Amino acid sequence: MDQARIDALRGQPVPPFGHLIDGKIVPASDGAVMDVTSPLNGEVLTTSARGTALDMETAIASARTAFEDRRWAGQSPAARKKVLHKWADLIEAHALELAVLGVRDNGTEISMALKAEPGSAAATIRYYAEALDKVYGEIAPTAGDVLGLIHKEPVGVVGAIIPWNFPLMIGAWKLGPALAMGNSVVLKPAETASLSLMRMAELALEAGLPPGVLNAVTGEGAVVGEVMGLSMDVDVLVFTGSGGTGRRLLDYAARSNLKRVYLELGGKSPNVIFADAPNLEEAAKVAAGGIFRNAGQVCVAGSRLLVQASIHDEFVAMVAQVTEQMQVGDPLNLSTQIGAVNSEAQLAQNLAFVDTAQAEGGTVTTGGTRVLQETGGSFMAPTIVTGVTPDATLSQKEVFGPILAVTPFETDEDAVRIANSTVYGLAGAVWTSNLGRAHRMVRDIRAGVMHVNTYGGADGTVPLGGVGQSGNGSDKSLHALDKYINLKTAWIKL
Ligand code: ADP
């Protein structure tokens, strides 16, 4: 990828964004808009529609009608597959435009966005396009005088609420399997990163997805998100975001139609380094990347570094050295390794975590401050805090920022106990040359995904889901399809 092509797009004016309802781009019912502020320089990039309750209700009604008349679910699998592949083609054709727009909106470094956003989204859509005609029903092993059939049906209207860190990648994790199984979807992008996802949704229409099958409404979570959560016409809610919002969604479901709710929430994932790690230098490099890329705004970020005491000081020094060499800055520069924090509010929250960590006895080894303030953007130095006890706030609470908490341990039992001492269970890693130890750690550390001698990078063939308060249900892989189907039994007397 060449920098000149990115630079040509970086200053382009961005037109105002509306909702996508029933195949048309429309403004909010009362005309209200929200400023979209870029975390790169604090400037207003454009506006997006500030959705009203009526907008969300209209979008849901459109999705419901599209589902009931089977304009999508009723098409042949081959026809649906073709549309989804065409959509992936269009995402790839617009990859640079989508990536740059997304970066200007959310601050992710472009090197990461190019890989993780349009590229990954297109691959996900293709994966589920290919899967959709390989999902069979079943015949039950009944007695000979009956026939038991198990049909797999689309659920109906899916409400998808998306966060701001990787809008295209995470959006595709929900949209791919939901649409592949014949559902209609109403999408609710995050307030601070909606533009590229709205554009990607528009491309689905261009690819031939019938109007109403995919609607997208922007606006405040507490307004349009709540209407979606409380709707009697949404059958499944799929969500990635904070635990607080996850709890609200469960409450909305309980207060309305008992819709299914799948939550991918936060984590406080342990990266456990044993003295017998095969390559400490590599471990240090990956540990730094595993927390600091995208300014730590990654749900599976390895935010707790548990280091065996015998190598603690040596290893922390290695991680600090890698960290201090990481380039923080202009997210649209290809050599930048750490982009902007998504918003000023998020940055203030990160800095408050550093204060708390110090007040609770932690030592800031590197970073800890805001940087590049002269740019007008929201940037933070990658931060390592050592001496963080397992019960400290920095060990217990998800920051969602570039802050690594370091805690020493002595034995395998210690490592497991500390690793499991949070309410979360999203991801983790163990670095060791001992095969038995590696498998024991994979078994004993409570997490949806465990890495061995690496961190991150698990592709679309494997599920991603949390245990404990990290959520339920999986994105990615064929297992994700289960969220978007109902099993129906046909019991036939022969
Ligand atoms: P974060 O703290 O990481 O921004 P949130 O959970 O607040 O995470 O946001 C993730 C998504 O949830 C966003 O799209 C946001 O608009 C949406 N959201 C926030 N509050 C609510 C709510 N009360 N009901 C439904 N959706 C919400």
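Keep in mind that this is a model prediction, so the values were computed, not measured.

(A) A look at the site of the ligand. What surrounds the ligand is a group of 18 residues, the closest being Ile162, Lys188, Glu191, Ser242 and Thr245. The backbone of Ile162 places a nitrogen or oxygen atom 2.9 Å from an oxygen atom of the ligand. Tyr252 places a side-chain nitrogen or oxygen 2.9 Å from a nitrogen atom of the ligand. Compared with its free state, where it exposes 550 Å², the ligand has 82% of that area covered by protein.

(B) View of helix H7 (residues 195-206). Between its terminal C-alpha atoms H7 stretches 17 Å, which fits the 16 Å expected from twelve residues at 1.5 Å a residue. Burial analysis of H7 places nine of its twelve residues in the buried class, the great majority of the element. Looking at H7, one finds that the buried residues are Leu195, Ser196, Leu197, Met198, Arg199, Met200, Ala201, Leu203 and Ala204. Backbone geometry just downstream of H7 places Gly208 in the positive-phi region, at approximately 110°.

(C) Fine view of empty space enclosed by the protein. Inspection of every chain in the model, using the stated rule, returns five cavities of 30 Å³ or more. Space inside the largest cavity adds up to approximately 80 Å³. Contributing to the lining of the largest cavity are 13 residues, with Ala301, Ser303, Glu398, Val399 and Phe400 lying nearest its centre. Grouping the amino acids of the lining of the largest cavity by side-chain chemistry returns seven nonpolar, four polar and two charged.

(D) Structural detail: the domain arrangement of the protein chain. For the protein chain, the assigned domains are domain 1 (3-265 + 471-491) and domain 2 (270-459). Averaged C-alpha coordinates put domain 1 and domain 2 at centres separated by 30 Å. Between domain 1 and domain 2, the contact holds 26 residues from the first and 28 residues from the second. Of the roughly 2200 Å² buried between domain 1 and domain 2, counting both surfaces, carbon and sulfur atoms make up 55%. On the domain 1 side of the contact with domain 2, Pro39, Glu109 and Trp164 bury the most area, a combined 26% of that side's loss. Counting across the domain 1 and domain 2 interface gives two salt bridges. We note a salt bridge from Glu109 to Arg293, for which the minimum N-O separation is 3.1 Å. Between the two partners, domain 1 and domain 2, sit 18 residue pairs in polar contact (both at pLDDT 80 or more). Mapped onto the side of domain 1 that touches domain 2, the elements with two or more residues apiece are helix H1 (3-10), helix H4 (95-106) and helix H5 (110-131). Here the side of domain 1 that touches domain 2 gets five residues from one element, more than from any other, and that element is H4. Class assignment for the residues of the side of domain 1 that touches domain 2 results in eleven nonpolar, nine polar and six charged.

What counts, and at which threshold
- Residues numbered from 1 in each chain as written.
- Predicted model: local features only at pLDDT ≥ 70, side-chain atom pairs only at ≥ 80, totals over all residues.
- Heavy atoms only, no water.
- Near = heavy atom within 4 Å.
- Polar contact = N/O pair within 3.5 Å; in protein donor to acceptor, adjacent residues only side chain to side chain.
- Areas by Shrake-Rupley, 256 points an atom, 1.4 Å probe, with all protein chains shown as cover.
- Helix = DSSP H or I, 4+ residues; strand = E, 2+ residues; numbered from the N terminus.
- Expected span 1.5 Å × (residues − 1).
- Buried < 20%, exposed > 50% of the residue type's maximum accessible area, 1.4 Å probe, protein only.
- 1 Å grid on protein atoms, 1.4 Å probe; cavity = no way out; pocket = protein on both sides within 12 Å on 5 of 7 lines; lining within 4 Å.
- Points joined across faces, edges and corners; volume = space filled by probe spheres on them.
- Nonpolar A, V, L, I, M, F, W, Y, C, P; charged D, E, K, R; others polar.
- Domains from an automatic or database assignment.
- Contact = heavy atoms within 4.5 Å.
- Buried area = accessible area lost by both parts, 1.4 Å probe.
- Salt bridge = Lys/Arg side-chain N within 4 Å of Asp/Glu carboxyl O.

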